[in-house]
Amino acid sequence: MLAKKKSSENQNRRVTRVDPPALEEAVAAAQGLTDDIESQIEIAAQLMGMSEDEVRPVVMKAAVSAPARRPLHLADRFSMGERNEGPKVVVVERKRPRLVMPR
């Protein structure tokens, strides 16, 4: 007898797991979107489905512990290395595809 084929239906079925974000993750996302504390509270509360009063202490605590972000200018990025020999050079090369000649 022939072997029974397994159903490909079970193999192709994918299950997507949806986990709500943790409050700290929601606060970090809000901090990435805006620097305004009140806006961060509103965004984090909406992400978590909580009231703003519940989220406010966590956002305020995170705002105090987060270091002040200073924009890094392009010239500063190149001089951050240990050796100050000038800007780093990046070379990008394009390889041509091989052409196969039929015989």
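Starting from 1, residues in each chain are numbered consecutively following that chain's sequence as written. Selection of residues for local features in this predicted model requires a pLDDT of at least 70, selection of side-chain atom pairs for listing and counting requires 80 or more, and totals for whole chains, interfaces and linings are taken over all residues. Derived side-chain values reflect all non-hydrogen atoms in the structure, with water molecules and hydrogen atoms excluded from consideration.

**Q** Is there a simple way to explain the overall build of the protein in this structure?
**A** A count of helices and strands for the protein gives five helices and zero strands. Secondary structure is summarised from DSSP: a helix means a run of H or I of at least four residues, a strand means a run of E of at least two, and numbering begins at the N terminus for each. Along the protein, helices and strands appear, N-terminal first, in the series α-α-α-α-α. For the protein, the proportion of its 103 residues judged to be buried stands at 12%. Contacts were defined at the residue level, with two residues in contact if any of their heavy atoms lie within 4.5 Å. Here the analysis covers contacts within the protein between residues at least 6 apart in sequence; of these, 35% occur between residues at least 24 apart. Whether a residue is buried, partly exposed or exposed follows from its accessible area with a 1.4 Å probe, protein chains only, as a fraction of its type maximum: under 20%, in between, or over 50%, in that order.

**Q** What should I look at first to understand the pattern of salt bridges in this one?
**A** By definition, a salt bridge exists where a carboxyl oxygen of Asp or Glu is found within 4 Å of a side-chain nitrogen of Lys or Arg. Applying the stated criterion to the full structure yields one salt bridge. For Glu38, the salt bridge is made with Arg56, and the minimal N-O distance between the two is 3.1 Å. Taken together, the positions of Glu38 in helix H3 (residues 37-48) and Arg56 in helix H4 (residues 52-65) put the pair 18 residues apart, joining distant regions of the chain.

**Q** Sorry, what's going on with the environment of Thr34 here?
**A** Its location among the elements puts Thr34 in the loop between helix H2 (23-33) and H3. Apart from the residues lying within four places of it in its own chain, the contact partners of Thr34 are Ser39, Gln40 and Ile43.

**Q** Looking at this model, I keep getting lost on H2. Mind explaining?
**A** Three or four residues apart is the spacing at which side chains of an α-helix point the same way, because the helix has 3.6 residues per turn. Buried residues of H2: Leu23, Ala26, Val27, Ala30 and Gln31, and no others. The arc that holds the buried residues of H2, viewed along the axis, is 140°, so those residues lie on one side. Of the exposed residues in H2, those oriented more than 90 degrees away from the buried face are Glu24, Glu25 and Gly32. If you follow the buried residues of H2, they end up packed against H3 and H4. The arc in question is traced by the directions running from the helix axis to the C-beta atoms.

**Q** Looking at this model, I keep getting lost on a negative patch on the surface. Mind explaining?
**A** Note that patches include only residues with greater than 30% relative accessible area and no salt bridge, and the join distances are 9 Å for like charges and 5 Å for nonpolar side chains (Val, Leu, Ile, Met, Phe, Trp, Tyr). Here the open area of atoms and residues is found with the Shrake-Rupley method and a 1.4 Å probe, where only the protein chains shown may cover a residue. For the charge count, each Lys or Arg is scored as positive and each Asp or Glu as negative, with His and the chain ends excluded. Each charge is placed at NZ for Lys, CZ for Arg, CG for Asp and CD for Glu. Taken together, the side chains of Glu42, Glu52, Asp53 and Glu54 make up a negatively charged region of the molecular surface. At three residues, H4 tops the list of elements feeding residues into the negative patch. For Glu42, the position within the fold is in helix H3. You can call Glu42 partly exposed: its relative accessible area is 38%.

**Q** What am I meant to see in H4 here?
**A** A helix is expected to span 1.5 Å for every residue after the first. If you check H4, its first and last C-alpha atoms are 20 Å apart, about what 14 residues at 1.5 Å a residue would give, namely 20 Å. Of the residues making up H4, those classed as buried are Val55, Val59 and Ala62. Tucked inside the fold, the buried residues of H4 contact H2 and H3.

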